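Fold and contact review
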Amino acid sequence: MTLSPKLSCRNVWKIYGPNAQTLLQTYPDPSDQDIADAGVVGAVRSANLDIAEGEIFVIMGLSGSGKSTLVRCLSRLIEPTKGEVLFDGVDLLRASEPELIDIRRHKMGMVFQHFALLPHLSVLQNVSFPLIIQGVSKAQADIKAREVVELVGLKGREDNFPRELSGGQQQRVGIARSLVSEPDLWFLDEPFSALDPLIRREMQDEFLRLQARLHKTIVFITHDFDEAVRLADRIAIMKDGKIIQVATPEELLMNPVSEYVAEFTRHIPRSKVLTVGGLMTPGTNGAGEPIAQSAKISDVAEQIIAAEGPISVANESGQIVGSIDRVAVAQVLFARQGGA
Ligand SMILES: Nc1ncnc2c1ncn2[C@@H]1O[C@H](COP(=O)(O)OP(=O)(O)OP(=O)(O)O)[C@@H](O)[C@H]1O
C-alpha cells in the first residue's frame, strides 16, 4: 500500500427517496430502523475506502447490496447524498461539471456488463471513438486504437463489426475502448457476468495479464466470490449498503468478521488462496532450500509434505522469516470446508 491512496472515500452515503438529505441531517448515522421509518432506501451507508495505486480492488456483494451505487458515487456518475470522494487528492464532489467531464475522459475508464458498442462502426472505429471525441486526429486515433486492439487479442479483427464477433470478443472491444484513453483509474462493473463460464475464466486470465502490463488502479465489481478471489488484491464485502469487511482474499478466508462473510468463503479450496506466509511459524526453525512466503499452499504442498522437518520460508528479499511443516499444510489440505 502506498501512503497516499489513489482513490478514497469518506463517510459516503447514498439514500434514495424523498427527504434523504433531511434524514442525514437529523440522524448523522441512521439505523436500519430510522431508514425504514423514513421510507427511504439506504443504497450506500457510510462507505470508507482507501484504494492504492496499482491495486485490483474488488467490491463484492449479493444483488442489491449497493455495489453499483457505490462505484457510481466514486466516479460521481451518481451524486452521493453525503460524503467525500478524493481522487489523486482532488475532492470530486467539489469539482465543476467541466472538470468532471475532463477527469472522466482522461483519467477514468469504465466497462459495464451491458456496454454499448456502436453496431454500425467497425472494431477499430469503436475503439478509437473516445479519442475522436477528445479531438485526437483520425490518423493518431487509429494508431493508438490498433495498439489496444492488439493488446486485448483482437489483432486481425479491426474491420469486423460487433455483430460478427462472439460475446467474449465483443467484451474485449469494450475493454479496448475503455483503455484507449489510457485511464489511471479503471472501473469495471460485472464486465464478465454475461459470458459463459469457460470464456469468463479466459477473460479473467486475460484481464490479469493486461493488468500485469498496465498497472492500473482498478475497482472491479462482482457478485461472484470465486471471481473476486481470483482477481483481487483486496476485497470489500458489502451487505445492505454497508461495507462489512475489507481484506485480502487470504485474510477473508482466515479471519472472516462474521458468519455472513464466512459463508461466501466456504466452498473456496483453501490451499489455492492461503499462502505460506499466512501459515508459517515465525523464526529460524526451518531447514533446506527456502520457499517463498508468497507461494500458494497448493503449489508447494508436495514439497513441504515430502520434507522430514520444517522448511525455511523466505520473504521477497530472500531473508528467512519463518518455517512451515507438513502438519500446517495437512490441516489446510484435509480441513473440512469451513475450517481454516
Ligand atoms: N434510482 C434508484 N432509486 C431507488 N432505489 C435504488 C435506485 N438505484 C438503486 N436503488 C436501490 O439501491 C440498492 C442498491 O442497488 P445497487 O444497484 O447499487 O446494488 P448492486 O449490489 O449493484 O446490485 P446488482 O448486483 O443487482 O447490480 C437496491 O436496494 C436498489 O433497489
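No experiment lies behind these values; they were computed from the predicted model shown.

**Quick look at unusual backbone geometry**
Its identity is not glycine, yet N11 carries a phi of approximately 45 degrees, on the positive side. Here N11 lies in strand β1 (residues 7–16).

**With respect to the sheet that holds strand β10 (residues 242–247)**
Taken together, the six strands give an open sheet; going across it, the order is β6-β7-β8-β3-β9-β10, and neighbouring strands pair in mixed fashion. Looking at which strands have only one partner, the edges of the open sheet turn out to be β6 (108–112) and β10. Adjacent strand axes in the sheet meet at a mean angle of 15 degrees, parallel and antiparallel pairs treated alike. Across five bridges, strand β7 (residues 185–189) lies against strand β8 (residues 217–222) in parallel orientation. In the sheet register, D189 faces β8, and the bridge partner there is I221. Helix-sheet contacts for helix α3 (residues 67–74) involve β3 (56–61), β7, β8 and β9 (234–239), and the interaxial angle to β8 is about 155 degrees. Contacting β6 and β7, helix α7 (residues 167–179) crosses the sheet at an angle of about 165 degrees to β6.

**Examining the domain arrangement of the chain**
Splitting the chain by domain gives domain 1 (7–118 + 184–268) and domain 2 (271–334). Relative to domain 2, the C-alpha centre of domain 1 lies at a distance of 34 Å. Listed per partner, the contact involves six residues of domain 1 and four residues of domain 2. For the side of domain 1 that touches domain 2, the leading source of residues is helix α10 (residues 249–254), giving four residues. Counted by class, the side of domain 1 that touches domain 2 contains five nonpolar, no polar and one charged residues.

What counts, and where the lines are drawn
- Residues numbered from 1 in each chain as written.
- Predicted model: local features only at pLDDT ≥ 70, side-chain atom pairs only at ≥ 80, totals over all residues.
- Helix = DSSP H or I, 4+ residues; strand = E, 2+ residues; numbered from the N terminus.
- Pairing = 2+ DSSP bridges.
- Axes fitted to C-alpha atoms, helices over the stretch in contact; angles between N-to-C directions.
- Contact = placed C-beta atoms within 7 Å.
- Domains from an automatic or database assignment.
- Nonpolar A, V, L, I, M, F, W, Y, C, P; charged D, E, K, R; others polar.

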